[in-house]
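# Fold and geometry: a report
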Amino acid sequence: MATSCECKIGPSILAADLSMLGTECQRLMECGADYLHLDVMDGHFVPNITFGHPVVKCLRPKVPGVFFDMHMMVAKPEQWVEGMTDAGANQFTFHVEATDDVIGCIRKIKEAGMKVGLGVKPGTPVSALVPYIELIDMALVMTVEPGFGGQKFMSDMMPKVQYLRQRYQDLDIEVDGGVGPSNIDVVAEAGANMIVSGTAVTGSDEPRAVINRLKQSVEEALQKARLER
Ligand SMILES: O=C(CO)[C@H](O)[C@H](O)COP(=O)(O)O
Ligand SMILES: [Fe+2]
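Residues numbered from 1 in each chain as written. Chains lettered and ligands numbered in written order. Predicted model: local features only at pLDDT ≥ 70, side-chain atom pairs only at ≥ 80, totals over all residues. Heavy atoms only, no water.

## Side note on the UniProt feature "active site" (unreviewed entry) in the protein
The UniProt entry lists Asp39 and Asp176 under the feature "active site" (unreviewed entry), expressed in the numbering used here. A stretch of 138 residues holds the annotated residues, and the largest C-alpha distance among them is 10.5 Å, short enough that they meet in one place. Taken from the residues named earlier, the lining of the second largest pocket is made up of Asp39 and Asp176. Along the chain, the position of Asp39 falls in strand β2 (residues 36-41). On the basis of relative accessibility, which here comes to 2%, the residue Asp39 falls in the buried class. Here Ser12 takes part through its side chain, which lies 2.6 Å from a polar atom of the side chain of Asp39. Structurally, Asp176 can be placed in strand β7 (residues 172-176). Setting aside anything within four residues of it in sequence, one finds Asp176 in contact with His37, Asp39, His71, Leu140, Val141, Met142, Thr143, Val144 and Val196. (UniProt positions renumbered as here; feature names shortened; annotations may be inferred. 1 Å grid on protein atoms, 1.4 Å probe; cavity = no way out; pocket = protein on both sides within 12 Å on 5 of 7 lines; lining within 4 Å. Helix = DSSP H or I, 4+ residues; strand = E, 2+ residues; numbered from the N terminus. Buried < 20%, exposed > 50% of the residue type's maximum accessible area, 1.4 Å probe, protein only. Polar contact = N/O pair within 3.5 Å; in protein donor to acceptor, adjacent residues only side chain to side chain. Contact = heavy atoms within 4.5 Å.)

## Section: the sheet that holds strand β8 (residues 194-197)
Sheet strands pair by backbone hydrogen bonding; their relative direction is either parallel or antiparallel. On the basis of which strands lie adjacent, the open sheet formed by eight strands has the order β1-β8-β7-β6-β5-β4-β3-β2 and parallel pairing. At either end of the open sheet lies a strand with only one pairing partner, and these are β1 (8-11) and β2. When strand polarity is set aside, the average angle formed by the axes of neighbouring strands in this sheet is 25°. (Pairing = 2+ DSSP bridges. Axes fitted to C-alpha atoms, helices over the stretch in contact; angles between N-to-C directions.)

## Observations regarding the packing of aromatic side chains
Across all of its chains, the model carries two aromatic pairs by this definition. Their ring planes at 55° and their centres at 6.4 Å tell us that Phe92 and Phe94 sit as a pair that is tilted. Its relative accessible area of 0% is what places Phe94 among the buried residues. Positioned above the aromatic ring of Phe68, the side-chain terminus of Arg60 is 3.8 Å from the ring centre. (Phe/Tyr/Trp six-rings, centres within 6.5 Å; stacked < 30°, edge-to-face > 60°. Lys NZ or Arg CZ within 6 Å of the ring centre and 35° of its normal.)

## Thoughts on the pattern of salt bridges
Under the definition given, this model contains five salt bridges. Residue Glu6 pairs with Arg226 through a salt bridge whose shortest N-O separation is 2.7 Å. Of this pair, Glu6 sits in the segment before β1 while Arg226 sits in helix α8 (residues 207-228); the two residues are 220 residues apart in sequence, bridging distant segments of the chain. Judged by relative accessible area, Glu6 falls into the exposed class, the value being 53%. Measuring nitrogen to oxygen at the nearest pair gives 3.8 Å for the salt bridge that ties Lys224 to Glu189. Highlighted residues: Lys224 in helix α8 and Glu189 in helix α6 (residues 184-190), separated in sequence by 35 residues. Among the residues examined, Lys224 registers a relative accessible area of 42% and is labelled partly exposed. For Glu189, a relative accessible area of 41% gives the class partly exposed. (Salt bridge = Lys/Arg side-chain N within 4 Å of Asp/Glu carboxyl O.)

In structure tokens, the structure reads:
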């Protein structure tokens, strides 16, 4: 996932034309995306349905080598680990609220050879992640209620990001929901280094320009933070 920016931008394809998923993903990578954030919803954990591992398996050869961060908004995430690794997913990000056996799920994902992401919904305190931090690769802080793209960014989630960054320098921290050029600076300043942007990118006629603007804004925010230190 090499980029000049310390922060990586991963477009969510939720608001893209899903009938052309392969082409849309290729286009986003050509426009400067660092990785792809693929939103899986099961109609149980969230009140919406998207797609599952059979679709991801078809998508994999269309964008070989691209990092797939699977945002698993599903109940019983452990049941989809095998299917996702077989489909070619790189990271399996599930929600701490979704299973009674978080450690068992983490172990299963690692054994399958994928990286582990663990997320919290807006109403869940960040402390819910703390017992698992040493076991995971990435913490996901949701800045919308999971289930739908195009919602308003919840800036009051930033203290969660700051809390994690102050304590865990090497942890990947992802922010997801409502992020675009007008607010990505706040997200980067708080300490996120993997930033998802869906509607702002895929809903634009010029996704390349939007991704460039996102990266520029992150660079400026980090530069400002360095100078203020
Ligand atoms: O997980 C998600 C919703 O549950 C999406 O990744 C997220 O909403 C990104 O889309 P947008 O930038 O349009 O909010
Ligand atoms: Fe997501």
